[in-house]
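# Inside the fold
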Amino acid sequence: MTEQRDGFIRREWWKESVIYQIYPRSFNDSNGDGVGDIPGIIEKLDYLEELGVDIIWLNPVYESPNADNGYDIADYRSIMDEFGTMEDWEALLDGLHDRGIKLIMDLVVNHTSDEHEWFVNSRDVDSEYHDYYVWKHGRTDVDGFTGHLGPEDEAPPNEWGSFFGGPAWAYDEEVGKWYLHMFDEKQPDLNWENPEVRDEVFEMMEWWLNKGIDGFRMDVINLLSKPDSVTKHDPPLNDTNMWEAFDGPRMQEFLEAMYDRVLDGHDAFALGEMIGQGMAMDTARDYVEAEGPLSTLFHFDHVLLDHGGEIWERDDWGLNELRDVLNRWQYGLAEKGWNSIYLSNHDQPRLVSRFGNDGQYREESAKLLATLIFTLRGTPYIYQGAEIGMTKYPFDSLEEFRDVETINPVQNALDNGTIESFDSVKGALRQNSRDNARTPMQWSADDNAGFTTGEPWIGVNPNHDEINVETARADPDSIWHYYRELIDLRKQHDVMVYGHYDVLLNDHEEVWAYTRTLGD
Ligand code: TEU
Ligand code: CA
């Protein structure tokens, strides 16, 4: 990494940047088919420049059957038809670079789509591709086990559940074995133990970097290395649960190889999404120390506070819990490593509806939360729409949802009677569902908030007549201008980027006070 030392400050361009996240499906539709697209983003390049952001993180735009909105990739080297062409993508990159804005792409390499040709070929046990995925035999020594959609006398290889509900293994009749999918059935996990898989991924990363991108946001990256119970046994030993599937024994080795082979040579920004809760700080520091392998990470500690175990369950939280988890990271990565500061993204409900008040004090609390994002120590993230204080959506039926993570578990629970009715969980889903973040960007008070001239793929929030970019930009006191000023302020003052964080009043229930100080 080309790091510049300036006294105690270890300068890096990505520490000094503000990142803006674009979820293309919901950003801007250029051709009236109801789906946001790359030409639609190009139409808004001036908007991004005027806001003043430095890096765009683009959610997946690769060819995909969209079982999980692009996180199920069928071809890593092509653009999804709905989003445009490779020429469109190149024009986007040029347009950003012309304005001094960098671009990072989503790297989804824990799994592919089941429609990726590697997976299709892997069904042939004699093919070299068979070993690209985690195919295992089921267990026959389990007494009385009949479930999990395999053969009558076979239990799945272990008892892991998928993050999207149901078992983490799917039986394939043609193969006579089960494949692992930590997410949807249409997202089979790649077998990172296989050196060919690692080579394929590293080559693909190199290919994108050579096209001129500035780095990657790496999806569920700490899931790549699976526990020995799975990698070294067939059938696996059934002695781990899915919550122990993170930070596996070869994680460091895999990421260091990625750094040496690919990232280092390009001075690429590498942001790793780390799933799980309460990661040990030593583990975290190993991932993001100054010499690599990653630049920074996303943890989930603060966004799990209000989640119950199931998508329709809620938990209480208070300022003390929020401050405690974020303090742990502020101090934990103070000397070594670097934080990413986010309060929302495409998987997390709207920040003002969640950590603030989206009614009477919407403006005030949106500004307060922006202040928090920009004054903690770390690189700040703005998820599209946060800059105008967009809110959660008033979902009224299961049919209005689009997300597998909501639909599958809720439908299963309705079918088996775990929940009584949609209405009994409506309140929690309006709070928890990822679809709250995925409703279209509200550009104006026009029909469909100016997002599309057609039928939007997901509902547009009816509050767009009040909450929209046009209105916000016309009002000098708006949330939008507040974000813009914070971005400026961060550019002007090193202390906002590099200053030490020190908490005051560490147990006050209503006040979170801290200082940032530049100096040794
Ligand atoms: O998300 C990782 C992840 O763990 C999510 O399932 C998250 O915990 C959940 O959405 C919170 O409600 C990444 C992507 O950001 C997400 O969009 C993908 O669905 C997922 O990986 C699988 O690729
Ligand atoms: Ca479109």
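Now for a quick tour of the structure. (Residues numbered from 1 in each chain as written. Chains lettered and ligands numbered in written order. Predicted model: local features only at pLDDT ≥ 70, side-chain atom pairs only at ≥ 80, totals over all residues. Heavy atoms only, no water.)

### Observations regarding the overall build of the protein
Across its full length, the protein holds 17 helices and 17 strands. Against the 2.2 N^0.38 benchmark of 24 Å for 520 residues, the protein shows a C-alpha radius of gyration of 23 Å, consistent with a compact globule. For the protein, the C-alpha atoms occupy an extent of roughly 65 × 55 × 50 Å along the three principal directions. Considering the protein as a whole, with its 520 residues, one finds that 60% of them fall into the buried category. Counting only contacts in the protein whose residues sit at least 6 apart along the sequence, the fraction spanning at least 24 positions is 70%. As displayed, the protein offers around 20200 Å² of accessible surface, 44% of which is attributable to carbon and sulfur atoms. Here the protein carries 42 positive and 105 negative side-chain charges, and the mean point of each set is 5 Å from the other. (Helix = DSSP H or I, 4+ residues; strand = E, 2+ residues; numbered from the N terminus. Rg over C-alpha atoms; globule rule 2.2 N^0.38 Å. Buried < 20%, exposed > 50% of the residue type's maximum accessible area, 1.4 Å probe, protein only. Contact = heavy atoms within 4.5 Å. Areas by Shrake-Rupley, 256 points an atom, 1.4 Å probe, with all protein chains shown as cover. Lys, Arg positive; Asp, Glu negative; His and termini not counted. Charge placed at Lys NZ, Arg CZ, Asp CG, Glu CD.)

### Details of the packing of helix 8 (residues 281-288) against helix 9 (residues 319-332)
Where helix 8 meets helix 9, the axes come as close as 11 Å, and the angle between the chain directions of the two elements is 50°. With respect to their mutual orientation, helix 8 and helix 9 come out oblique. The handedness of the crossing between helix 8 and helix 9 is right-handed. Contacts from Met281, Ala284 and Arg285 of helix 8 reach helix 9 at Arg328, Trp329 and Gly332. Of the residues in the contact of helix 8 with helix 9, the class split is 3 nonpolar, 1 polar and 2 charged. (Axes fitted to C-alpha atoms, helices over the stretch in contact; angles between N-to-C directions. Parallel < 35°, antiparallel > 145°, perpendicular 65-115°, else oblique. Left-handed = near helix turned anticlockwise from the far one by under 90°. Nonpolar A, V, L, I, M, F, W, Y, C, P; charged D, E, K, R; others polar.)

### Considerations on the site of ligand 1
For ligand 1, the set of nearby residues contains 18 residues, the closest of which are Asp68, His111, Asp219, His346 and Asp347. Arginine 217 places a polar side-chain atom, nitrogen or oxygen, 3.0 Å from an oxygen atom of ligand 1. Separating an oxygen atom of ligand 1 from a side-chain N or O atom of aspartate 219 is a distance of 2.7 Å. For ligand 1, the protein covers 93% of the area, taking 500 Å² as the surface of the free molecule. Grouping the amino acids of the shell around ligand 1 by side-chain chemistry returns 6 nonpolar, 4 polar and 8 charged. (Near = heavy atom within 4 Å. Polar contact = N/O pair within 3.5 Å; in protein donor to acceptor, adjacent residues only side chain to side chain.)

### Comments concerning the coordination of the calcium ion (ligand 2)
In this structure, Asp29 (OD), Asn31 (OD1), Asp33 (OD), Val35 (O) and Asp37 (OD) serve as the protein donors to the calcium ion (ligand 2), at separations of 2.2 to 2.4 Å. Between consecutive donors of the calcium ion (ligand 2), the numbers of intervening residues give the motif D-x1-N-x1-D-x1-V-x1-D. The class of aspartate 29 is buried, set by a relative accessible area of 7%. (Donors = N, O, S within 2.8 Å, 3.2 Å for Na, K, Ca; no water.)

### Quick look at helix 13 (residues 422-432)
Listing the buried residues of helix 13 in full gives Phe422, Val425, Ala428, Leu429, Gln431 and Asn432. On its buried face, helix 13 is in contact with helix 10 (351-354), helix 12 (404-415) and helix 14 (435-438).

### Structural notes on the packing of aromatic side chains
Following the criterion strictly, the structure yields 36 aromatic pairs and no others. Following the ring pairs from residue to residue traces out a cluster consisting of Tyr20, Phe27, Tyr47, Trp443 and Trp480. For lysine 102, the ring lying beneath its charged end belongs to tryptophan 13, and the centroid distance is 4.8 Å. One cation-aromatic arrangement involves lysine 211 over tryptophan 207; the distance from NZ or CZ to the ring centre is 5.0 Å. (Phe/Tyr/Trp six-rings, centres within 6.5 Å; stacked < 30°, edge-to-face > 60°. Lys NZ or Arg CZ within 6 Å of the ring centre and 35° of its normal.)

### Comments concerning the environment of asparagine 468
Along the polypeptide, asparagine 468 turns up in the loop between helix 14 and helix 15 (469-474). For asparagine 468, a relative accessible area of 1% translates into the label buried. Here the alpha-carbon distance between asparagine 468 and glycine 450, two residues 18 residues apart in the chain, equals 9.3 Å. Aside from chain neighbours lying at most four places away, what touches asparagine 468 is Ile388, Gln442, Trp443, Ser444 and Ala445. From its side chain, asparagine 468 meets the backbone oxygen of histidine 464 in a polar contact 2.9 Å long. A distance of 2.8 Å separates a polar side-chain atom of asparagine 468 from the backbone nitrogen of threonine 471.

### Observations concerning the sheet that holds strand 8 (residues 135-136)
Within a sheet, each strand pairs with its neighbour through backbone hydrogen bonds, oriented either parallel or antiparallel. Taking strand neighbours across the sheet as the criterion, the 3 strands line up as 8-10-9 in an open arrangement whose pairing is antiparallel. Two strands close off the open sheet at either side, each with one partner strand: strand 8 and strand 9 (169-172). Inspection of the sheet shows strand 9 paired to strand 10 (residues 177-180) by 4 bridges, in the antiparallel sense. Counted as the bridge partner of alanine 170 is tyrosine 179 from strand 10. (Pairing = 2+ DSSP bridges.)

### Describing the packing of helix 5 (residues 195-210) against helix 7 (residues 251-263)
When two helices pack together, their arrangement is captured by the angle between the axes and the distance separating the axes. Running from N to C, helix 5 and helix 7 cross one another at 40°; their axes reach a closest spacing of 10 Å. Relative to helix 7, the element helix 5 is oriented oblique. For helix 5 against helix 7, the interelement crossing comes out right-handed. Of helix 7, the residues touching helix 5 (which contributes Arg198, Asp199, Phe202, Met205, Glu206 and Leu209) are Phe254, Ala257, Met258, Arg261, Val262 and Leu263. The class makeup of the residues in the contact of helix 5 with helix 7 is 8 nonpolar, no polar and 4 charged.

### Remarks on the pattern of salt bridges
Following the criterion strictly, the structure yields 36 salt bridges and no others. Two residues, aspartate 301 and arginine 328, come together in a salt bridge whose shortest N-O distance is 3.2 Å. With aspartate 301 in the loop between strand 13 (296-298) and helix 9 and arginine 328 in helix 9, this residue pair connects regions lying 27 residues apart in the sequence. Residue aspartate 301 is classed as buried on the basis of its relative accessible area, which comes to 5%. (Salt bridge = Lys/Arg side-chain N within 4 Å of Asp/Glu carboxyl O.)

### A short note on the nonpolar core
Core analysis: the largest hydrophobic core is formed by 149 residues, its most contacted members being Tyr20, Leu48 and Trp89. With 12 residues, the next largest nonpolar core counts Ile311, Trp312, Phe401 and Ala413 among its residues. (Core = buried A, V, L, I, M, F, W, Y, C linked by side-chain atoms within 4.5 Å.)

### Some points on a nonpolar patch on the surface
A contiguous nonpolar patch, built from Leu504, Leu505 and Val511 and spanning about 240 Å² of accessible area, is present on the exposed surface. Following the sequence through the fold, leucine 505 ends up in the loop between strand 16 (500-504) and strand 17 (513-517). (Patch = residues over 30% accessible without salt bridge, like charges linked within 9 Å, V, L, I, M, F, W, Y side chains within 5 Å.)

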